[in-house]
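Listed here are the chains, written in short residue letters.
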Amino acid sequence: MSIQFRKEIKYAKLLSPLKDYKYDEQIVEHRLDPLLQRETVVTPGRFQYVKRLFESDEKDIYNVVENTRANCPFCPEKVQASTPKFPREIVEEGRILVGETVLFPSLFAHMDYNAVAVISRDHYLKLKEIPEKLFDGVKAGLIWIKSLHNYDKKIKYACFIQNYFPPSGSTVVHPHIQVLASELPFNILKELLDRSRKYYESNGTNYWTELINIERDGERFLSESDNVVWLTPFAPMHTYEVSAISKGLSNFLELDDNVIKEFVKGVKCVLNFFQEEGLSSFNMVFYSGPLGESSKEYFRIGMKIIGRSGYRFPFVSDLWGLQTLMMEGEAYETPEAMAKKLKQYF
Ligand SMILES: [Zn+2]
């Protein structure tokens, strides 16, 4: 069966004090991700109510930036003395340097192989300033991933994760990217790979190519370059959620400079939009099919970016128990409405 965009519209009914206790109905759309079959609720009625919680207070930002500057391990005067080095068999020189980027192993690893790429000499960057540092960060990560894969061909799974500013889960303000690798796939990557393979086996076509063909010029479509397509997903797990799909590549070993530049160009559009919306924090993942294995028939490299809560009193997280414990997505705006605003930035 080809790609299905399934949704069911329900209504929450109440007598609202905001409407003099008259009868009120609010739309709750249950949407299913066409590949993963994960459910998310889209509740557009909440967006105006919660929008201010995605915006930051400039004074709060200033305070955390200045208070973390003196002891920052990633600032240029400290980074050489305070960060670890790789064992020689993996990186001969101990660290990888590309432009302003310094890449080294995480001091407290999240994964069997975990590098950290400090991408700027500046302690703090506004969202709009991050993309110009990203290309070198990704290049450095790829050099490391390639040397890991040469060191041990069993290391097949890798991704880049950027957590920016404290609401994203980042413990260090200074702009950096985590690069993770393992013999074992990460949960969502495993699911994406399994379901993409099954889709190919049942339909004889590549899910991602089909998705691009269906979404092209539709309401959620944002832009297309030679190698990369940007869109908002039909069933977003978060309010500010944007996806990118490589048109032809399935794993990081196939990436070249042009393709990286096209991904970074799209990130720039998304972060410009986020900043104009008042956001200051985001998570980004850049994921790949198994390194050195052909998965071109059924898989494609992809990227996902989500905007996170604002940095301001009372510091409410946009992720509550529904998402973290019940694994149900929730978006306070439809992806179609989000795409309409975001498209102007592409
Ligand atoms: Zn710093």
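So, here's what we can say about the structure. Owing to the predicted nature of the structure, the values given are computational and were not obtained by experimental measurement.

1. Looking at the packing of helix α4 (residues 131-151) against helix α7 (residues 257-276)
Running from amino to carboxyl end, α4 crosses α7 at an angle of 145°, the nearest separation of the two axes being 9 Å. The hand of the α4/α7 crossing is right-handed. Along its contact with α4, which presents P131, L134, F135, V138 and K139, the element α7 presents I260, K261, V264, V267, K268 and L271.

2. Here's the deal with the environment of L53
In this structure, L53 sits in helix α1 (residues 47-54). For the pair L53 and L35, spaced 18 residues apart in the sequence, the C-alpha separation amounts to 31 Å. With residues near it in sequence (within four places) discarded, L53 still touches S309, G310 and V316.

3. Concerning the sheet that holds strand β10 (residues 228-231)
Strand order in the open sheet formed by 10 strands is β4-β5-β6-β8-β7-β12-β13-β11-β10-β9, and the pairing between neighbours is antiparallel. Two strands lie at the open edges of the sheet, namely β4 (96-98) and β9 (221-224), each paired on one side alone. With strand direction ignored, the average angle separating the axes of adjacent strands in the sheet is 15°. Each of β9, β10, β11 (240-246), β12 (282-287) and β13 (302-307) touches α7; the most contacted strand, β11, lies at about 165° to it.

So, how was this worked out
- Residues numbered from 1 in each chain as written.
- Predicted model: local features only at pLDDT ≥ 70, side-chain atom pairs only at ≥ 80, totals over all residues.
- Axes fitted to C-alpha atoms, helices over the stretch in contact; angles between N-to-C directions.
- Helix = DSSP H or I, 4+ residues; strand = E, 2+ residues; numbered from the N terminus.
- Left-handed = near helix turned anticlockwise from the far one by under 90°.
- Contact = placed C-beta atoms within 7 Å.
- Pairing = 2+ DSSP bridges.

Remember that the coordinates give geometry; whether it matters functionally is a separate question.
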